[in-house]
Amino acid sequence: MKNKFYITTPIYYPSGDAHIGHAYCTTLCDILARYKRLRGFETYFLTGTDEHGQKIKEHASKANKTPQEYVDEIVSKFKKLWELMEISNDDFIRTTEPRHIKVVQEMFSKMYKKEDIYLGSYKGWYCTECEAFWTDIQAGPNHLCPDCNRPVHEETEESYFFKCSKYVNNILKLYNDNPKFCFPESRMHEMVNTFIKPGLQDLSVSRTSNDWGVPILENKKHTAYVWLDALTNYISALGYGSKDDGLYKKFWEDPNTEIIHVIGADISRFHCIYWPMFLMSAGLRLPDRVFVHGLLRIKDEKMSKSKGNVVSPFPLVERYGVDAVRYYLSREVTFGRDGEFTPEQFVERLNVDLANQLGNLLNRTVSMIIKYFDGVVPAFKSNVTKFDKEVEDLISATIKEYEINFDDLKITEAITTAMNLVNRANKYIDETTPWVLSKEGKQEELASVMSHLANCLYVSAILLSPVLVHQSKGILDQLGVPEELRNYKSISKLGVIGNIKVNKGDQLFPRLEVNKEIEYVKSLMQSK
Ligand code: ME8
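Here the structure is a predicted model, which is why all the values come from computation and not from measurement.

## Side note on empty space enclosed by the protein
Link 1 in the chain: By the definition in use, this model includes one cavity of 30 Å³ or more.
Link 2 in the chain: In this structure, the largest cavity occupies an estimated 50 Å³ of space.
Link 3 in the chain: What lines the largest cavity is simply Gly53, Gln54, Tyr126, Glu131, Arg207, Asn210, Ala224, Tyr225 and Val226.
Link 4 in the chain: In terms of residue class, the lining of the largest cavity is made up of four nonpolar, three polar and two charged.

Here you go:
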């Protein structure tokens, strides 16, 4: 059983400010990292920025800055955003750092010495924006980049090539032996049908036309292709090849570590085909899974910096709070599928799930415990009213289902499972009608309802804590849960909450004024 966990986001291009798509991926990785820590796994969570390449150089020159000045400014905004969103990354790798550059050079040398890299010349259709070469078929009759739809241009240059042909069968075997390596499975089929079956060409892994990159030691005219450079971050950040390689040994080399790369569908080719090939060539261990999430669209278009149709997470977090944005991102679009960001759904999701369901349950429960039991949660007793057993069974089933979903990276489903318990508890109030029990003097039944409600809220708050980093604590504070019970292990025992004093606090999940807030969110959606 693996007892350690290493999770990475893509390293983003600092060619423009971070948008909600970047926040989406990073937040979901953060939720996974927090879940694993909650379960007691030793966890390492990495994010960072991909700072080399012609595109960055061009952006910098347009802004009248050196590439380094240009990236420094944008990278500091990325870091600020992750702080604001309570992203719990253990490290932030920048590809311009010496610790990274050394490793790119070493990877190149290793593959070169193994004769997996040879010198040749390249002619193809190049997209500057995506830093990618395309074949005639891919660029099509109009010579457009299949990824961003911009015009591509023909380029010929001396280049080193990586022998993909040597590793194609190993990749197919990898997929065959590990059907979840590239996940969801549809992405794996896409890799095979779109890239491998039509015949994978050897990959150009160096440039002579770009000096904003990592120099190749074997031939100083060349810099490493930005994707070879970027992918290496996953091991350079752990100190691979250095004297200080404790993290590498622990979180990469050790087979007891589960390694997951989370990426968007736009970059699956690089992670599911080329990265494992590079690792095979260098004789290094492969990650366990590449999880490919879907992309968020705006008005039916892929949201991207180059299209200029982006939503900034900063004003959203400032107005609605970190937890609201984190909840929306993880719950609205099923992790692994494409989705759309709309102001209407954003506001509705917060109102329905957080204000109406979770907020209401908390307010009603705490108020009733104050009213009927002087603020003290009655001790738990099993199966008193005719509705209790079903709720008790659901608590245990919820925890099991939550774990199964999370362990399979089904984040949206895991959160939905926790929210189903909240909904069931609200229904339980309507079924048991505590106000009638009180009027009829049925104290034992009333006490049971209160303690079942408090226990449902307690379990839900712990289960939702990887998402609601502040509000879950707020719920536990209002319930008066002692510190020693605020952990995952404690919820496994049914009914541990009892004889504690609740504290009515501030409204944790305020209801939003629908029209006003929709207008506000719309005003943030800049579109060219
Ligand atoms: O590709 N919806 O960087 P990048 C959801 N530097 N997620 C989105 C998104 C959207 N509309 N737009 C971007 C690069 N993302 C390379 C990566 S890794 C070794 C090098 C997320 O800044 C998504 O995870 O273009 C996507 O894969 C990533 O940002 C691309 O970020």
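## Digging into the domain arrangement of the protein
Link 1 in the chain: Parsing the protein into structural domains produces domain 1 (4–293) and domain 2 (343–492).
Link 2 in the chain: Computed from C-alpha atoms alone, the centre-to-centre distance between domain 1 and domain 2 is 42 Å.
Link 3 in the chain: Contact with domain 1, which involves 14 residues of that partner, is made by 14 residues of domain 2.
Link 4 in the chain: Summing both partners gives a buried area of about 1,500 Å² for domain 1 against domain 2, and 69% of it is carried by carbon and sulfur.
Link 5 in the chain: Contact with domain 2 buries area across many residues of domain 1, yet Ile31, Tyr35 and Leu38 alone supply 39% of it, more than any other trio.
Link 6 in the chain: Linking domain 1 with domain 2 are five salt bridges.
Link 7 in the chain: Residue Asp408 pairs with Lys180 through a salt bridge whose shortest N-O separation is 3.0 Å.
Link 8 in the chain: Our enumeration of links across domain 1 and domain 2 arrives at three residue pairs in polar contact (both at pLDDT 80 or more).
Link 9 in the chain: Contributing elements (two or more residues each) for the side of domain 1 that touches domain 2: α1 (20–38) and β12 (289–293).
Link 10 in the chain: Broken down by element, the side of domain 1 that touches domain 2 gets its largest block of residues, seven residues, from α1.
Link 11 in the chain: A class-by-class count of the residues in the side of domain 1 that touches domain 2 yields eight nonpolar, no polar and six charged.

## Quick notes on the packing of aromatic side chains
Both the distance between ring centres and the angle between the ring planes are used here to describe each pair of aromatic rings.
Link 1 in the chain: Counting across every chain of the model gives 31 aromatic pairs.
Link 2 in the chain: Ring geometry for Tyr12 versus Phe78: centroids 5.9 Å apart, planes at 10°, classification stacked. On the criterion of sequence distance, the pair formed by Tyr12 in strand β1 (residues 4–12) and Phe78 in helix α3 (residues 67–84) is long-range, its members being 66 residues apart.
Link 3 in the chain: Put simply, the rings of Tyr6, Tyr44, Tyr234, Phe251, Trp252 and Trp275 touch in pairs and so form one group of aromatic residues.
Link 4 in the chain: Above the ring of Phe5, the side-chain terminus of Lys36 is found at 5.0 Å from the ring centroid.
Link 5 in the chain: Directly above the aromatic system of Phe183 lies the positively charged group of Arg289, at a separation of 4.6 Å from the ring centroid.

## Points about the sheet that holds strand β3 (residues 91–94)
Strand pairing within a sheet occurs via backbone hydrogen bonds; the two strands may be parallel or antiparallel.
Link 1 in the chain: Strand order in the open sheet formed by six strands is β3-β2-β1-β11-β12-β7, with parallel pairing between adjacent strands. At either end of the open sheet lies a strand with only one pairing partner, and these are β3 and β7 (182–183).
Link 2 in the chain: As judged from the four bridges shared by strand β2 (residues 42–49) and β3, these two strands associate in the parallel manner. Bridge pairing in β3 links Leu46 to Asp91.
Link 3 in the chain: Most of the contacts of α3 go to β3, to which it runs at about 160°, and overall it touches β1, β2 and β3.

## Remarks on the sheet that holds strand β6 (residues 153–162)
Link 1 in the chain: Pairing is antiparallel in the open sheet, where four strands are placed in the order β5-β4-β6-β8. Looking at which strands have only one partner, the edges of the open sheet turn out to be β5 (132–134) and β8 (203–204).
Link 2 in the chain: Pairing between strand β4 (residues 117–127) and β6: 10 bridges, direction antiparallel. In the strand pairing of β6, Trp125 is matched with Glu154.
Link 3 in the chain: Along the sheet face, helix α11 (residues 268–282) touches β5, β6 and β8 and points at about 30° away from the line of β6.

## Notes on the site of the ligand
Link 1 in the chain: Neighbouring the ligand are 26 residues, the closest being Ile11, Asp50, Asp266, His293 and Leu296.
Link 2 in the chain: For the ligand, an oxygen atom lies 2.9 Å from a polar atom in the backbone of Tyr13.
Link 3 in the chain: In the complex, 96% of the free accessible area of the ligand, which totals 670 Å², lies under the protein chains.
Link 4 in the chain: Of all the secondary structure elements, the ones that give two or more residues to the shell around the ligand are β1, α1, α8 (226–231), α9 (233–236) and β11 (257–264).
Link 5 in the chain: At four residues, α1 tops the list of elements feeding residues into the shell around the ligand.
Link 6 in the chain: Split into classes, the residues belonging to the shell around the ligand amount to 15 nonpolar, eight polar and three charged.

## Some thoughts on the pattern of salt bridges
Link 1 in the chain: Here the structure, examined in full by the defined rule, presents 42 salt bridges.
Link 2 in the chain: The salt bridge involving Arg94 is made with Glu51; its shortest N-O contact spans 2.6 Å. Taken together, the positions of Arg94 in strand β3 and Glu51 in the loop between β2 and α2 (54–62) put the pair 43 residues apart, joining distant regions of the chain.
Link 3 in the chain: With relative accessibility at 14%, the residue Arg94 sits in the buried group.
Link 4 in the chain: Residue classification places Glu51 among the buried residues on the basis of a relative accessible area of 0%.
Link 5 in the chain: A salt bridge links Arg285 to Asp288; its shortest N-O distance comes to 2.7 Å.

## Quick notes on the layout of surface pockets
Link 1 in the chain: If you add up the space inside the second largest pocket, you get close to 370 Å³.
Link 2 in the chain: Lining the second largest pocket are 20 residues; nearest its centre among them are Thr135, Gln138, Gln201, Arg269 and Tyr274.
Link 3 in the chain: Examining the composition of the lining of the second largest pocket, we find that three residues originate from one element, β5, more than from any other.
Link 4 in the chain: Taken together, the residues that form the lining of the second largest pocket break down as 11 nonpolar, six polar and three charged.

Parameters at a glance
Residues numbered from 1 in each chain as written. Predicted model: local features only at pLDDT ≥ 70, side-chain atom pairs only at ≥ 80, totals over all residues. Heavy atoms only, no water. 1 Å grid on protein atoms, 1.4 Å probe; cavity = no way out; pocket = protein on both sides within 12 Å on 5 of 7 lines; lining within 4 Å. Points joined across faces, edges and corners; volume = space filled by probe spheres on them. Nonpolar A, V, L, I, M, F, W, Y, C, P; charged D, E, K, R; others polar. Domains from an automatic or database assignment. Contact = heavy atoms within 4.5 Å. Buried area = accessible area lost by both parts, 1.4 Å probe. Salt bridge = Lys/Arg side-chain N within 4 Å of Asp/Glu carboxyl O. Polar contact = N/O pair within 3.5 Å; in protein donor to acceptor, adjacent residues only side chain to side chain. Helix = DSSP H or I, 4+ residues; strand = E, 2+ residues; numbered from the N terminus. Phe/Tyr/Trp six-rings, centres within 6.5 Å; stacked < 30°, edge-to-face > 60°. Lys NZ or Arg CZ within 6 Å of the ring centre and 35° of its normal. Pairing = 2+ DSSP bridges. Axes fitted to C-alpha atoms, helices over the stretch in contact; angles between N-to-C directions. Near = heavy atom within 4 Å. Areas by Shrake-Rupley, 256 points an atom, 1.4 Å probe, with all protein chains shown as cover. Buried < 20%, exposed > 50% of the residue type's maximum accessible area, 1.4 Å probe, protein only.

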